[in-house]
Structures are given as structure tokens and as C-alpha cells.
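Listed here are the chains, written in short residue letters.
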Amino acid sequence: ELFELASALRPEDYQSLTLLAGVYRKLGRQAEARQALERGTAVIERHLEMEPDDVRALYLGGGNLVNLGRVEEGLAMARRALAIDPHDTGTLYNVACLYANAGRVGEAIGYLEQALDAGFSQKEWIENDSALDPLREEPSFQALMRRLRK
């Protein structure tokens, strides 16, 4: 309800719709999740027309596209975000999540490792972020987790 309210109060805010989609997905309300993704993607596309170098909009928009099944378009947005800010820990982490959701396990782990090398240290995020679930059984992911715990 609060994300819907935020979106109604600030229709230009793409983040509330993107976060709303995740809530609906977790609640098993797939049709509503898809609708929020579509609405959020439209807002992001309008936003990027005015601010084409907004890295957060690029990687969140890319994640939306991946979740909508438009994987190659989503990965292209992730590459744009990385081209603009290739060393930012938040960008690297979120691109890792995007690649994990796209089923690109090797690339996802590579970007996660880069995020850790650049100083990303949010152990709780990595341990609990469902976006990284496709990686959890991978030996290279488990090695990264051991490294982070040290």
C-alpha cells in the first residue's frame, strides 16, 4: 500500500514501482507484479529520456526488463550502467543481481566478486537478497561468502 501511495504521490518515481513489483512477487501475486514492472519500466524509460546517465535507473530498469522476459534489453541497460560507473560497489552489486536473475551465473558471480573487491561489504544483503538465490549452490558463490565472513 505504501509503495502504491508513493507512486501516486510522485508518479515520476520509478523506484517505488520497482520495489512494489518485488513485494507482489514475494506475495505470489504475479499479475500485479508484472503490472508494477511494466508501469515502473515505462516511468524509467521516460526518466532516462531526460537523464540518460542515471545509473540507478539503468540497472533497476534493466532488472525490470529481465523480470519481464526481455533479457537482452535488460542486459544492455546493465552494460550501459557499468559503462558510466564501472567501479561503484552499488552498481556492481545490482548488476550482479540482474545477471543472476537472467540466469547468467558466471557473469553474476564475476560482478559480485568485483563489488566485493571494490569494497562492498553488506554481508547481510548478500546472505538474504533473494535476487542472488540462483547463485547460492555455486561453489564460486560459496567461496565468495567464505571470503566475506573472514
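Residues numbered from 1 in each chain as written. Predicted model: local features only at pLDDT ≥ 70, side-chain atom pairs only at ≥ 80, totals over all residues. Heavy atoms only, no water.

**Student:** So what exactly am I meant to see when it comes to the overall build of the protein here?
**Tutor:** A tally of helices and strands in the protein yields nine helices and zero strands. In the protein, the succession of α and β elements from N to C terminus is α-α-α-α-α-α-α-α-α. Compactness check: the protein gives a C-alpha radius of gyration of 15 Å against a globular reference of 15 Å for 150 residues, within 12% of the reference. In terms of overall dimensions, the protein has C-alpha extents of about 45 × 35 × 25 Å along its principal axes. Burial statistics for the protein: of 150 residues in total, 43% are counted as buried. Once local pairs closer than 6 in sequence are excluded, the contacts in the protein between residues at least 24 apart make up 53%. Within the structure as shown, the protein displays about 8100 Å² of accessible surface, and the carbon and sulfur contribution to it stands at 51%. Counting 18 positive and 24 negative side-chain charges, the protein places the averaged centre of each group 4 Å from the other. (Helix = DSSP H or I, 4+ residues; strand = E, 2+ residues; numbered from the N terminus. Rg over C-alpha atoms; globule rule 2.2 N^0.38 Å. Buried < 20%, exposed > 50% of the residue type's maximum accessible area, 1.4 Å probe, protein only. Contact = heavy atoms within 4.5 Å. Areas by Shrake-Rupley, 256 points an atom, 1.4 Å probe, with all protein chains shown as cover. Lys, Arg positive; Asp, Glu negative; His and termini not counted. Charge placed at Lys NZ, Arg CZ, Asp CG, Glu CD.)

**Student:** So what exactly am I meant to see when it comes to a nonpolar patch on the surface here?
**Tutor:** Taken together, the side chains of Phe-3, Leu-19, Val-23 and Leu-27 present a nonpolar region at the surface, about 330 Å² in accessible area. Along the chain, Leu-27 turns up in the loop between α2 (14-26) and α3 (30-50). (Patch = residues over 30% accessible without salt bridge, like charges linked within 9 Å, V, L, I, M, F, W, Y side chains within 5 Å. Salt bridge = Lys/Arg side-chain N within 4 Å of Asp/Glu carboxyl O.)

**Student:** Is there a simple way to explain the packing of aromatic side chains in this structure?
**Tutor:** The geometry of an aromatic ring pair comes down to the distance between the two centres and the angle between the two planes. Tallied over the full model, the rule gives two aromatic pairs. Centroid distance Tyr-93 to Phe-120: 4.5 Å. Interplanar angle 10 degrees. Geometry classified as stacked. One end of the pair, Tyr-93, is in helix α6 (residues 89-101); the other, Phe-120, is in the loop between α7 (105-117) and α8 (123-128), and 27 residues separate them in sequence. The class of Tyr-93 is buried, set by a relative accessible area of 4%. (Phe/Tyr/Trp six-rings, centres within 6.5 Å; stacked < 30°, edge-to-face > 60°.)

**Student:** Would you mind going over the side chain of Thr-91 with me for this structure?
**Tutor:** With respect to the helices and strands, the residue Thr-91 is situated in helix α6. Exposure remark for Thr-91: the relative accessible area of 1% places this residue in the buried category. Thr-91 has contacts with Val-55, Tyr-59, Ala-81, Leu-82 and Asp-85, leaving out every residue within four places of it along the chain.

**Student:** Please clarify how helix α5 (residues 71-84) should be interpreted in this entry.
**Tutor:** Count 3.6 residues to each turn of an α-helix, and residues three or four apart come out pointing the same way. Compared with the 20 Å implied by 1.5 Å per residue over 14 residues, the 20 Å span of α5 between its first and last C-alpha is a close match. Along α5, the residues classified as buried are Gly-74, Leu-75, Met-77, Ala-78, Ala-81 and Leu-82. The buried side chains of α5 occupy one side of the element, clustering within an arc of 155 degrees when seen end-on. Summarising the contacts, the buried residues of α5 are in contact with α3, α4 (55-67), α6 and α7. (Expected span 1.5 Å × (residues − 1). Arc of directions from axis to C-beta.)

**Student:** How should I be thinking about the confidence of the model for the protein in this particular structure?
**Tutor:** Do not read the fine detail of predicted coordinates wherever pLDDT is low. Of all residues in the protein, 100% attain a pLDDT of 70 or more, and the chain-wide mean is 95. Mean pLDDT per element in the protein: α8 is the minimum at 90, and α5 is the maximum at 98. (pLDDT = per-residue confidence, 0-100.)

**Student:** How should the environment of Ile-84 be read in this particular structure?
**Tutor:** Following the sequence through the fold, Ile-84 ends up in helix α5. Among the residues examined, Ile-84 registers a relative accessible area of 36% and is labelled partly exposed. Excluding its chain neighbours within four sequence positions, the residues that come into contact with Ile-84 are Pro-52, Asp-53, Val-55 and Leu-58.

**Student:** Is there a simple way to think about the nonpolar core in this case?
**Tutor:** Across soluble globular proteins, nonpolar side chains show a tendency to be buried alongside one another. Counting residues in hydrophobic clusters, the biggest one holds 48 residues, and the most contacted among them are Tyr-93, Tyr-99, Leu-112, Ile-126, Leu-132 and Phe-141. For this core, the secondary-structure elements that each account for two or more residues are α2, α3, α4, α5, α6, α7 and α9 (139-149). With eight residues, the single largest contributor to this core is α6. Look past the residues within four positions of Tyr-99 in its chain and what remains in contact with it is Leu-75, Ala-78, Arg-79, Arg-104, Glu-107, Ala-108 and Tyr-111. (Core = buried A, V, L, I, M, F, W, Y, C linked by side-chain atoms within 4.5 Å.)

**Student:** Explanation requested: the environment of Leu-60 in the structure shown.
**Tutor:** Among the structural elements, Leu-60 can be located in helix α4. Considered as a pair, Leu-60 and Val-95 are 35 residues apart in the sequence and their alpha carbons are 8.8 Å apart.

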